[in-house]
Amino acid sequence: MAQFIQLVEQRKQSVEDELLAGLTAPQATTSPKYLYDALGSKLFEAICELPEYYPTRTEAEIFHKHAQEIADACGTGATLIDLGAGNCAKAASLFPYLQPTQYVPVDISIDFLSDAVSRLQQRFPAIDMVGVGTDFSAGLVLPETVRSAQRLFFYPGSSIGNFTPDEALIFLRQIKAACEQDGAKGGGLLIGVDLVKENTILSAAYDDALGVTASFNLNLLQHLNRLLDADFDVREWRHRGFFNEKLSRVEMHLEAASDQTVRWPDGVRRFERGERIHTENSYKYSRQGFISLLNAAGFGNVTTWSDPQQWFMVCHARL
Ligand code: AVI
């Protein structure tokens, strides 16, 4: 039977402190993790189905086309640690190739994982499964039940792009350290990375015609209202999603459609019409730029696979 472990959750007070510090700063910001309440997670699943949002299907094509070569590079029989596992579908599609002996899906909430992992355990009874609930963006801590034999970290979907390059480097170093922790040997990282491309393609992917990404972004305000007991009026805000070429990142913002005051129990924030809350960055890398980042984090041996248009890249990195 699958085992589940919830590591310490962020306390309500520290969530409020973090959010209010961001919202009351001259340039208001919020961490992208707050986009994912229950509805936000469903809206993100819908984004992955959109014709404009190419990353999910392009990455799936790469995994499908090169599954055997990827398994040859990664090796078989490892402990597969799936960071941000969600419904576990991406990792499960690779099980027949990677043949993990232990599977450790990690996500911010154990509730989100438990159904998917329980179903998966029935399909693959020979694999030891340990679901872990933790916010790994705040630091990568693994429970003792994670085996120290060969560890293969799996971080698909270009979620690494939601960190700044400096934060990404720190996070990759933590993964490298965890590959070697407790005498573990022969580990590595299998990661999906979105590549720089034409502005029109990038901007459409984050500002789709149906407005699903707009709903995903605006839903953040409903989540903030619940977390802070605040009174954001969703109808008075607009979604903005565009590629910032200079910084090589897609930015998402929420823009005030009118002058307004937002209130919460101990404070207020006045927003002028046109003022923005910066809600997410999604960095886009060049192939060489990302390999250099992996090298700087201590990964020496990198193999990459891409699609014919070179829109997305899957990398395997060894120590
Ligand atoms: C989860 N993450 C990799 C997505 C991205 O593309 O940065 C989140 C997202 N935001 C808007 N659309 C998708």
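Everything in this summary refers to the structure shown in the same document.

Here's the deal with the overall build of the protein
Then, number 1: Helix and strand content of the protein: 9 helices and 14 strands.
Then, number 2: A compact globule built from 319 residues should have a C-alpha radius of gyration of about 20 Å, and the protein, at 20 Å, falls within 12% of that.
Then, number 3: Burial status across the protein gives 53% buried among its 319 residues.
Then, number 4: Long-range pairs, those at least 24 residues apart, make up 69% of the contacts in the protein with a sequence separation of at least 6.
Then, number 5: In the protein, which carries 29 positive and 40 negative side-chain charges, the distance between the mean positions of the two groups comes to 2 Å.

A look at unusual backbone geometry
Then, number 1: Phi is positive for Ser158, close to 60°, though the residue is something other than glycine.
Then, number 2: Among the secondary structure elements, Ser158 is positioned in the loop between strand 6 (151-155) and helix 6 (165-180).
Then, number 3: Ser158 sits in the buried class, given a relative accessible area of 6%.
Then, number 4: Of note, the phi angle at Gln310 is positive, near 60°, even though the residue is not glycine.

Some details on the site of the ligand
Then, number 1: Residues in contact with the ligand amount to 13 residues; listed here are only the nearest, Tyr53, Asn162, Tyr206, Glu280 and Ser282.
Then, number 2: The side chain of Tyr53 places a nitrogen or oxygen atom 2.5 Å from an oxygen atom of the ligand.
Then, number 3: Glu280 is positioned with one of its side-chain polar atoms (N or O) 2.8 Å from a nitrogen atom of the ligand.
Then, number 4: Elements supplying a minimum of two residues to the shell around the ligand: helix 2 (38-47) and strand 12 (276-283).
Then, number 5: Residue classes in the shell around the ligand are distributed as 7 nonpolar, 5 polar and 1 charged.

Let's talk about the pattern of salt bridges
Then, number 1: The full count for this structure, using the stated rule, is 13 salt bridges.
Then, number 2: Arg249 serves as the salt-bridge partner of Glu251, at 3.0 Å between the closest nitrogen and oxygen. Across this residue pair, the class does not change: Glu251 and Arg249 are buried.
Then, number 3: Taken together, the salt bridges that share partners define one network made up of Glu18, Lys33 and Asp135.

Overview of the packing of aromatic side chains
Then, number 1: For the coordinates displayed, the defined rule picks out 17 aromatic pairs.
Then, number 2: Residues Phe95 and Phe124 carry aromatic rings whose centres are separated by 4.9 Å and whose planes lie at 85° to one another, so their mutual orientation is edge-to-face. Taken together, the residues span a long stretch of sequence, with Phe95 in helix 4 (residues 89-98) and Phe124 in the loop between helix 5 (110-123) and strand 5 (128-133) at a distance of 29 residues. Both residues of the pair, Phe95 and Phe124, belong to the buried class.
Then, number 3: Between the aromatic rings of Tyr285 and Phe290, the centroid separation amounts to 5.1 Å while the plane-to-plane angle is 70°, which identifies the pairing as edge-to-face.
Then, number 4: Tyr285 gets classed as buried once you look at its relative accessible area, which sits at 9%.
Then, number 5: Site record: aromatic cluster; members linked through ring pairs are Tyr36, Phe44, Tyr53, Tyr206 and Phe216.

Here we look at the environment of Asp233
Then, number 1: Mapped onto the elements of the fold, Asp233 is located in the loop between helix 8 (212-228) and strand 8 (237-244).
Then, number 2: Since its relative accessible area comes to 38%, Asp233 is described here as partly exposed.
Then, number 3: As a C-alpha pair, Asp233 and Ala205 span 28 residues in sequence and 26 Å in three-dimensional space.

A few points about the environment of Ala138
Then, number 1: Considering the arrangement of structural elements, one finds Ala138 in the loop between strand 5 and strand 6.
Then, number 2: On the accessibility criterion, Ala138 (68% relative accessible area) is exposed.
Then, number 3: Between the C-alpha atoms of Ala138 and Phe171, which are 33 residues apart in sequence, the distance is 9.2 Å.

Observations regarding the sheet that holds strand 3 (residues 79-83)
Through backbone hydrogen bonds, the strands of a sheet pair up, either in parallel or in antiparallel fashion.
Then, number 1: An order of 1-5-4-3-6-7-14-13 is seen for the 8 strands of this open sheet, with the pairing classed as mixed. Single-partner strands in this sheet number two, and they are strand 1 (3-6) and strand 13 (301-306). Averaged over all pairs of adjacent strands, the angle between their axes in this sheet comes to 20°, without regard to strand direction.
Then, number 2: Alignment of strand 13 against strand 14 (residues 312-318), held across 6 bridges, turns out to be antiparallel. Bridge assignment links Thr303 to a residue of strand 14, and that residue is His316.

Thresholds applied
- Residues numbered from 1 in each chain as written.
- Predicted model: local features only at pLDDT ≥ 70, side-chain atom pairs only at ≥ 80, totals over all residues.
- Heavy atoms only, no water.
- Helix = DSSP H or I, 4+ residues; strand = E, 2+ residues; numbered from the N terminus.
- Rg over C-alpha atoms; globule rule 2.2 N^0.38 Å.
- Buried < 20%, exposed > 50% of the residue type's maximum accessible area, 1.4 Å probe, protein only.
- Contact = heavy atoms within 4.5 Å.
- Lys, Arg positive; Asp, Glu negative; His and termini not counted.
- Charge placed at Lys NZ, Arg CZ, Asp CG, Glu CD.
- Near = heavy atom within 4 Å.
- Polar contact = N/O pair within 3.5 Å; in protein donor to acceptor, adjacent residues only side chain to side chain.
- Nonpolar A, V, L, I, M, F, W, Y, C, P; charged D, E, K, R; others polar.
- Salt bridge = Lys/Arg side-chain N within 4 Å of Asp/Glu carboxyl O.
- Phe/Tyr/Trp six-rings, centres within 6.5 Å; stacked < 30°, edge-to-face > 60°.
- Pairing = 2+ DSSP bridges.
- Axes fitted to C-alpha atoms, helices over the stretch in contact; angles between N-to-C directions.

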